[in-house]
Amino acid sequence: MTYNFDEVIDRRSTHAIKIDGMKDIWGRTDLIPLWVADMDFATPPFVLDAVRKRCEHPVLGYTAKSDEYYEAVERWVNRRYKMNVKREDLNFVSGIVAGLGMAINCFSEVGDKVVIMPPVYPPFFWLNTRNHREIVTCPMIYEKGSYRMNLELLGEKLEGARLLILCNPHNPGGVVWSREELETLADLCAEHHVLVLSDEIHADLTLPPHEHVPFATVSERARLNSVTFMAPSKTFNMPGVVASHAIIFNRELRTRFEEYLAAGELNMGHVFAFDCVAAAYNNGEEWLGQCLKYIAGNIDYVDSFLKEHTPKIRAVRPEASFLMWLDCRELHLDQKELNRFFVEGAGLALNDGESFGREGIGFMRLNIATPRSVLEKAMAQLAAAYVKQF
């Protein structure tokens, strides 16, 4: 089957954060929304069919996790990543950000130190501050248009810490971490008795020829000293389903997390969650392959366009995900001016780079998971604003 990613879908009147949220942030709704990390492509028909089928039954009652749900998750992660996951290793959580918050509260105490490596996904900051943990930053090194972990500094930063939150693949830089980097990270964390929470929501969106390496697979140390979070939500554009899973191989850690979830009934899914996950993983291989090709084409288009029309704005080409990190430092604007340029000058809503940490100052994040025609209009507006101001 051939899927249509060129279709422009009107998301107004659906309470989409990408649309309605613009009013709160920018005070207007006439911007092209290229910020919130969901796609503008139609959710795959097999996922929507699962919702329709469930709605045919007249009772929307409490819903248990089915065998089909567990088997679908196991097959997907084991086939794609050779993780050797079994049912008992899986814990349902209602979204990865929520799951990370649960893990922070389960495996650390108020006042404990948590290490993160900015620039990084903004919830890594506020999940810790709102839960009264002390953030320790180990900034990444940016060189030659990409990021690498500062593994030389990390050992020092891990002293006295309880947790490290890893973004694998990296958001916003789109880096697919190598097995060697992850092995070193695993050794350092194990030696300092620091548990790794690995956010791997963009794993399925790794762009060929790159290959995602789950943190838990790089060594026995990593396997027994980690909690891996995965989900079909970004992959199949179904984030509103809020169905994710935490994979824990260490029995002691798993029991502790299961007891924490059960104490607050935090492991319950809503009526559509399990059917949608099973439908996505059982039927999604072909759709995902076509989607990744389309995303890769959009990345090529934006990269080429910027080089030709706005050369002082440089794209950090992602190895995974549909998010492009734009290096705007050559514009020599402060962050307020940079945001004003994109909003008032170009009429575009992007993510402010500073929200990813002070290391993101001078950068903006662009979501390119949108029909090419929308992207072409956005780039034309950006080029016009660039010519006018620079």
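My aim in this report is to walk through the structure given alongside it, one point at a time. As the structure is a prediction and not an experimental result, all values here were calculated from the model.

1. Considerations on the overall build of the protein
Within the protein, the regular secondary structure consists of 13 helices and 15 strands. A compact globule built from 390 residues would reach a C-alpha radius of gyration of about 21 Å, and the protein, at 21 Å, matches this within 12%. Summarising its shape, the C-alpha atoms of the protein cover approximately 60 × 55 × 40 Å along the three principal directions. Burial status across the protein gives 56% buried among its 390 residues. Considering only residue pairs separated by 6 or more positions, the protein has 74% of its internal contacts joining residues 24 or more positions apart. When the accessible surface of the protein is totalled, it reaches about 17000 Å², and 50% of it is carbon and sulfur.

2. Observations regarding the pairing of strand S7 (residues 161-167)
With six of seven residues buried, S7 lies mostly within the body of the structure. Inspection of the sheet shows S7 paired to strand S8 (residues 195-199) by five bridges, in the parallel sense. Residue Cys 167 lies in a different strand from S8, and its bridge partner there is Asp 199. Each parallel crossover has a hand, and for S7 linked through helix H7 (residues 179-191) to S8 it is right-handed.

3. Quick notes on the packing of aromatic side chains
Counting across every chain of the model gives 24 aromatic pairs. Ring geometry for Tyr 142 and Tyr 147: centres 4.7 Å apart, planes at 40°, overall tilted. Owing to a relative accessible area of 6%, Tyr 147 belongs among the buried residues under this scheme. Ring geometry for Tyr 386 and Phe 390: centres 5.5 Å apart, planes at 45°, overall tilted. Classification of Tyr 386 by relative accessible area gives buried; the value is 8%. Taken together, Phe 5, Phe 41, Phe 46, Trp 76, Phe 236, Tyr 281, Trp 287 and Tyr 294 form an aromatic cluster joined through their ring pairs. The aromatic ring of Trp 126 is capped on one face by Arg 130, whose charged end is 4.1 Å from the ring centroid. Over the ring of Phe 249 we find Arg 223, and its NZ or CZ is 3.7 Å from the ring centre.

4. Re the packing of helix H11 (residues 285-309) against helix H13 (residues 372-389)
Running from amino to carboxyl end, H11 crosses H13 at an angle of 15°, the nearest separation of the two axes being 11 Å. With respect to each other, H11 and H13 are oriented roughly parallel. Between H11 and H13 lies a crossing whose hand is right-handed. Taking contact as the criterion, the partners of Tyr 294, Gly 297, Asn 298, Tyr 301, Val 302, Phe 305, Leu 306 and His 309 in H11 are, on H13, Arg 372, Leu 375, Glu 376, Met 379, Ala 380, Leu 382, Ala 383 and Tyr 386.

5. Re the pattern of salt bridges
Evaluated as defined, the whole model comprises 22 salt bridges. The shortest N-O distance in the salt bridge between Arg 317 and Asp 300 comes to 2.6 Å. In this pair, Arg 317 is assigned in the loop between strand S11 (314-316) and strand S12 (323-327) and Asp 300 in helix H11, connecting sequence segments 17 residues apart. Each of the salt bridges in this network shares a partner with another, and the network as a whole consists of Arg 11, Lys 18, Asp 38 and Asp 40.

6. Digging into the environment of Asn 84
Note that Asn 84 resides in the loop between helix H3 (67-81) and strand S2 (90-93). Residues Asn 84 and Asp 112, spaced 28 residues apart in sequence, show a C-alpha to C-alpha distance of 32 Å. Here Asn 84 is in contact with Asn 78, Asp 89, Arg 223 and Phe 249, once residues within four sequence places are set aside.

Calculation criteria
- Residues numbered from 1 in each chain as written.
- Predicted model: local features only at pLDDT ≥ 70, side-chain atom pairs only at ≥ 80, totals over all residues.
- Heavy atoms only, no water.
- Helix = DSSP H or I, 4+ residues; strand = E, 2+ residues; numbered from the N terminus.
- Rg over C-alpha atoms; globule rule 2.2 N^0.38 Å.
- Buried < 20%, exposed > 50% of the residue type's maximum accessible area, 1.4 Å probe, protein only.
- Contact = heavy atoms within 4.5 Å.
- Areas by Shrake-Rupley, 256 points an atom, 1.4 Å probe, with all protein chains shown as cover.
- Pairing = 2+ DSSP bridges.
- Right-handed = clockwise from strand over helix to strand, strands pointing away.
- Phe/Tyr/Trp six-rings, centres within 6.5 Å; stacked < 30°, edge-to-face > 60°.
- Lys NZ or Arg CZ within 6 Å of the ring centre and 35° of its normal.
- Axes fitted to C-alpha atoms, helices over the stretch in contact; angles between N-to-C directions.
- Parallel < 35°, antiparallel > 145°, perpendicular 65-115°, else oblique.
- Left-handed = near helix turned anticlockwise from the far one by under 90°.
- Salt bridge = Lys/Arg side-chain N within 4 Å of Asp/Glu carboxyl O.

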